[in-house]
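# Structural overview for review
Chain residues, written in single-letter form:
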Amino acid sequence: MGRVIQRRKVHRFLLDGSDAALEFPVRFREDVLAVEEPLEIRVGGLSFAVTMRTPGDDFDLVAGFLVSEGVIREATELVSLRFCAGEDEDGRQTFNVVEAQLRPGVPVPETGRKVYTSSSCGICGTDSIEAVRKTLAFDLRRDPLRVPVDVLAGLPGRLREAQAVFDKTGGVHAAGLFRIGGRGEPELVCLREDVGRHNAVDKVVGWALRQGGLPLSGTVLQVSGRASFELVQKAALAGIPVLAAVSAPSSLAVELAEETGLTLVGFSRGSSLNVYAGKDRISPAHNTAPQQRSS
C-alpha cells in the first residue's frame, strides 16, 4: 500500500488478568498506522488550500475539493492536475503539492484566505446554507431515486467489507458510492479511505468528476462516520440525492439537507436507521408492507 500505511514499534500493555498478561504485562510489538501528511492545493500557480490527508488518489481529492468549494462543476473546467516539485529532508520527492489548471474563462478562486483543513473537521466557519444554495448546480428534488429501506440499512456492511486500509490500521474513514438499480439492488461503484472523512468524500466526488459522471443522480453516498455540514455540502454539490452515515448528523447538516432536497440518514447500522430529511425517497423493505410508529 506504499505511503498509505506505516509500520511502527509500540509497547502493548495487557490488563485482562490472563496468564499471558501476568507473565508478560508489557510487550514490544509492531503496529500498522494510517499515514497522514499535508497536501497543498494550488490553482493557477497560487496556493489555495492545505489539507491533512492519507496519500493516494490525490488527483481525485483535489478535483473533489474544487467541486465542493464551488470552483468547478464539470470535467471540462479542469484542464490538468500535476504534482509540483517538493522534497523532504532526505531529498526525496514528497508528492505533497498538487497544482490544478482551470479552463480559460473559469473564475480562479480567491487564494488569499489561507484555507487550512484538518483531517477531522474539514473547513469550519467559512460557509453558510445560503452560500451553498447559491452554489448548487443540480436540483436534487428532481432526482426520482427510491431506495428500499432494507437495502439502505445493508450498505454499511457492504462498505465495511471493502475497507482494505481499515482492516490493516483501524484508523481511516471510508466513503462508498452506491448506484441503486431499477429493482433496488445496490452496486458499489467507488470506495475511498482516508484519515479524514471529508477527504474520503472528496476523493469519491473527484473520481466521478474525472470520469465525467456528475451529477451523481440515482446514487447513495454511505460514509463510515458522522454526517457533518461539510459532508452534506459535498454531496449536494455533486448531485448525490442520498447521504447515509453510521453515526449522527449535526443540526446544521439536517438544515442544509432540508434546504437542498437531500435525503439524510443517520445511525444506519444494519437493523435500524434514522431518516432526518427526505423520507419520501425511502421505500418499504422488499416483500413487506409499510409501517410507521411514533415511538
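In this text the structure is predicted, and so the values were computed from the model without any measurement.

A few words now on the overall build of the protein. In terms of helices and strands, the protein carries 8 helices and 15 strands. Every one of the 295 residues in the protein was classed for burial, and the buried ones make up 47%. Here the analysis covers contacts within the protein between residues at least 6 apart in sequence; of these, 58% occur between residues at least 24 apart. For the protein, the computed accessible surface area is about 14,700 Å², with 49% contributed by carbon and sulfur atoms.

A few words now on the side chain of Ser228. By secondary structure assignment, the location of Ser228 is in the loop between strand S11 (219-223) and helix H7 (229-237). Excluding residues that lie within four positions of it along the chain, Ser228 makes contacts with Arg197, Ser250 and Ala253.

Turning our attention to the confidence of the model for the protein. When pLDDT is averaged along the protein, the result is 90, and 88% of the positions lie at 70 or above. Low pLDDT, under 50, characterises residues 122-127; the predicted model gives this stretch 11 contacts beyond four residues in sequence or across chains.

Moving on, we come to the nonpolar core. Formed by 52 residues in total, the largest nonpolar core has its most connected members in Leu66, Ile72, Leu78, Leu221, Leu243 and Leu264. Setting aside residues no more than four positions away along its own chain, Ile72 makes contact with Ala63, Leu66, Val67, Glu77, Leu78, Leu102, Val106 and Leu209.

On to the sheet that holds strand S9 (residues 173-180), then. Overall, mixed pairing links the 6 strands, which are arranged S10-S9-S11-S12-S13-S14 in an open sheet. Edge positions in the sheet fall to strand S10 (186-194) and strand S14 (274-277), since each has one partner strand and no second. Between one strand axis and the next, the sheet turns through 20 degrees on average, direction left out of account. Examined bridge by bridge, S9 and S10 share 8 bridges and lie antiparallel to one another. Across the sheet, the residue bridging to Phe178 is Leu188, located in S10. Packed on one face of the sheet, helix H4 (residues 149-161) meets S9, S10, S11, strand S12 (242-245) and strand S13 (263-266) and runs near 50 degrees to S11. Docked against the sheet, helix H8 (residues 251-260) engages S13 and S14, running at close to 65 degrees with respect to S14.

The next subject is the environment of Asn199. By the secondary structure assignment, Asn199 is in helix H6 (residues 197-210). Asn199 sits 32 residues away from Leu231 along the chain, and the two C-alpha atoms are 9.7 Å apart. Ignoring sequence-local partners within four residues, the contact set of Asn199 consists of Thr51, Met52, Arg53, Leu61 and Asp194.

All right, on to unusual backbone geometry then. Omega for the peptide link from Leu214 to Pro215 comes to 0 degrees, which places this bond in the cis form. Summarising the element assignment, Pro215 is placed in the loop between H6 and S11. The phi dihedral of Asp57 is positive, around 55 degrees, even though this residue is not glycine. Along the chain, the position of Asp57 falls in the loop between strand S4 (46-53) and helix H2 (58-68). For Asp57, a relative accessible area of 39% translates into the label partly exposed.

Scanning the entire structure with this criterion turns up 2 cavities of 30 Å³ or more. For the second largest cavity, the calculated volume is near 40 Å³. Around the second largest cavity, the lining residues are Val67, Gly70, Ile72, Arg73, Thr135, Ala137 and Leu237.

Attention now goes to the packing of aromatic side chains. Two descriptors summarise a pair of aromatic rings, namely the distance from one centre to the other and the angle between the planes of the rings. Under the counting rule described, the total for this entry stands at 3 aromatic pairs. Arranged with centres 5.9 Å apart and planes meeting at 65 degrees, the rings of Phe48 and Phe65 form a pair that is edge-to-face. In this pair, Phe48 is assigned in strand S4 and Phe65 in helix H2, connecting sequence segments 17 residues apart. Ring centres 5.2 Å apart and planes at 85 degrees place the aromatic pair Phe83 and Phe95 in the edge-to-face group. With Phe83 in strand S5 (residues 78-83) and Phe95 in the loop between S5 and strand S6 (97-102), this residue pair connects regions lying 12 residues apart in the sequence. Residue Phe83 is classed as partly exposed on the basis of its relative accessible area of 31%. Members of the aromatic cluster, joined through ring pairs, are Phe59, Phe83 and Phe95.

The rules behind these values
Residues numbered from 1 in each chain as written. Predicted model: local features only at pLDDT ≥ 70, side-chain atom pairs only at ≥ 80, totals over all residues. Heavy atoms only, no water. Helix = DSSP H or I, 4+ residues; strand = E, 2+ residues; numbered from the N terminus. Buried < 20%, exposed > 50% of the residue type's maximum accessible area, 1.4 Å probe, protein only. Contact = heavy atoms within 4.5 Å. Areas by Shrake-Rupley, 256 points an atom, 1.4 Å probe, with all protein chains shown as cover. pLDDT = per-residue confidence, 0-100. Core = buried A, V, L, I, M, F, W, Y, C linked by side-chain atoms within 4.5 Å. Pairing = 2+ DSSP bridges. Axes fitted to C-alpha atoms, helices over the stretch in contact; angles between N-to-C directions. 1 Å grid on protein atoms, 1.4 Å probe; cavity = no way out; pocket = protein on both sides within 12 Å on 5 of 7 lines; lining within 4 Å. Points joined across faces, edges and corners; volume = space filled by probe spheres on them. Phe/Tyr/Trp six-rings, centres within 6.5 Å; stacked < 30°, edge-to-face > 60°.

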